[in-house]
Each structure stands twice: as C-alpha cells, then as structure tokens.
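One-letter residues, chain by chain:
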Amino acid sequence: MASLKIYSVGRLAKYVTESSLLNIRSSICRSSVHKYSTEEKAAEPEPEKNLPASIEECHKQIESLTAEVNSFKTQAKEYEDKYKRALADGENVRRRMMKQVEDAKSFAIQSFCKDLLDVADTLSAAAESVPEGVEGEGAPAALRSLRDGLTLTRAQLTQVFSRHGLEVVSPLREKFDPNLHEALFTQEVQGAEPGSVVAVSKVGYKLRGRCVRPALVGVAKGAS
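Residues numbered from 1 in each chain as written. Predicted model: local features only at pLDDT ≥ 70, side-chain atom pairs only at ≥ 80, totals over all residues. Heavy atoms only, no water.

Caption draft 1: Molecular detail of the pattern of salt bridges. Scanning the model with the defined rule gives 7 salt bridges in all. The partner of Arg94 in a salt bridge is Glu91, and the shortest N-O contact between them spans 2.5 Å. You can see Arg94 and its partner Glu91 sitting in helix H2 (residues 55-106), 3 residues apart, about one turn around the helix. Arg94 sits in the partly exposed class, given a relative accessible area of 42%. With a closest N to O distance of 2.6 Å, Asp121 and Arg213 form a salt bridge. Of this pair, Asp121 sits in helix H3 (residues 110-129) while Arg213 is found in strand E5 (residues 210-213), placing the two residues 92 residues apart along the sequence. Summarising the burial analysis for this pair, Asp121 and Arg213 share the class buried. Through salt bridges with shared partners, a single ionic network connects Glu91, Arg94 and Arg95. (Salt bridge = Lys/Arg side-chain N within 4 Å of Asp/Glu carboxyl O. Helix = DSSP H or I, 4+ residues; strand = E, 2+ residues; numbered from the N terminus. Buried < 20%, exposed > 50% of the residue type's maximum accessible area, 1.4 Å probe, protein only.)

Printed below as a string of structure tokens:
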C-alpha cells in the first residue's frame with residue numbers, strides 16, 4: 001500500500017513538472033516573438049518630412065508653387081482657346097458643306113437649262129417670224145393655227161422655266177449691270193440716261209439669282 005502511494009505521488013510530480021515546463025516554454029516563445037516584432041517595428045525608418053528649415057525657404061517654395069500654378073493656368077487658357085477655335089472651325093466647315101449641298105441641289109439643272117435656252121430662242125424667233133397680219137379673219141387658217149401654237153408653246157415653256165427658278169432677263173431702259181448684261185455696242189440716244197440699256201439683242205436668263213446667260217444689250221453713252 002505504501003509503495004502504491006509512492007508510485008502515485010511520483011506520477012503526479014512528473015505530470016506537474018512536464019506541465020510547468022510546457023508553460024514556461026510557450027511563455028518564452030511568446031515573449032520572444034513579441035520582442036522580435038517590437039524590435040522590427042522600431043527598426044522601421046520613419047518617412048522623412050521635406051519641410052522648409054527656415055522662413056526664407058518657405059517663401060521660396062511658395063513662390064515656386066505660385067509660378068507653377070500660373071503656368072498651369074496659362075496652359076489651360078491656351079488649350080481652351082484652341083478648343084474653341086476647333087469648335088468654330090468645325091461649325092464653319094459644317095455650314096460651308098451644307099451651303100454646297102444646297103447649291104448642288106438648286107443648280108443641278110443649270111447645264112440642262114442652258115441647253116434649253118437655245119430651244120427657247122428658236123421658238124421665240126419662229127413665233128415672231130409669223131406676220132402679225134395673219135391674226136385677222138382673212139388670214140389663212142394654217143398660219144393662224146401656226147402662230148397660236150407657237151405662242152402657246154412659248155408661254156408654256158416660260159411657265160416651266162419660272163417653276164424651276166429660271167427667269168428671263170430683259171433689261172430694256174434699265175441700268176447696265178455687268179453681272180447680268182453684256183454690252184455689244186454703245187450709242188448716243190436722245191433722252192436716254194448714259195449707262196442705261198437702250199437695245200436688247202438677246203434676252204438673258206438667271207437661275208435662282210445666278211446668271212446663266214447674260215443679256216446681249218446696247219448701252220447709251222453721253223454726248224461727245
């Protein structure tokens with residue numbers, strides 16, 4: 001019985017000794033890790049603060065920063081001006097292109113109109129070549145029908161020209177305009193103002209305000 005007690009006491013002493021050693025070892029490890037981390041944090045260098053050492057250096061830094069700000073403001077203003085100019089140029093190009101498109105639509109038939117002008121001149125000459133006396137009752141019916149037909153055809157052609165913006169230019173007794181008229185001759189005419197049109201050899205035409213064919217005219221000149 002005594003030997004059993006001694007054996008139990010020995011086991012208990014051994015267990016207590018092993019537990020104490022484990023606790024001491026873990027405490028030593030924790031303290032070592034904590035000490036290492038503390039030393040590592042203490043060893044990290046603090047960031048250097050670039051602060052001026054004197055008032056003069058502070059003023060110099062302020063002047064340098066002010067100059068940089070002014071430079072940035074100048075560049076921003078230049079970029080803004082370039083941006084506005086680019087917008088204005090783009091708008092001008094857009095308007096110019098729209099104007100060209102509208103002109104192309106309006107004057108697409110210009111060459112076709114020029115070809116028809118000779119037909120209109122021939123038709124007018126044919127209508128005027130028929131004597132005016134054929135309109136009476138004693139005139140031949142064929143001639144009257146021919147004149148009426150030519151007159152009606154010329155009127156219809158004039159309506160077609162007007163519908164498409166083609167206007168006749170017959171500037172008799174008007175001021176000579178070099179943009180619409182072409183002077184064939186000049187002569188003195190009693191009572192006519194110098195520089196006015198006194199004779200129209202061939203009527204002109206303009207399409208939507210643009211001269212397609214100038215009128216051939218004679219212009220009055222002053223007394224010599």
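Caption draft 2: Quick look at the sheet that holds strand E1 (residues 166-169). Spatially, E1-E4-E5 is the arrangement adopted by the 3 strands of the open sheet, whose pairing is antiparallel. A strand with exactly one partner marks an edge of an open sheet, and here the two such strands are E1 and E5. Looking at each pair of strands side by side, their axes are set apart by 35° on average, direction ignored. Relative to strand E4 (residues 204-207), E1 runs antiparallel, the two being bridged by 4 bridges. When the sheet's bridge partners are listed, Leu166 is paired in E4 with Leu207. (Pairing = 2+ DSSP bridges. Axes fitted to C-alpha atoms, helices over the stretch in contact; angles between N-to-C directions.)

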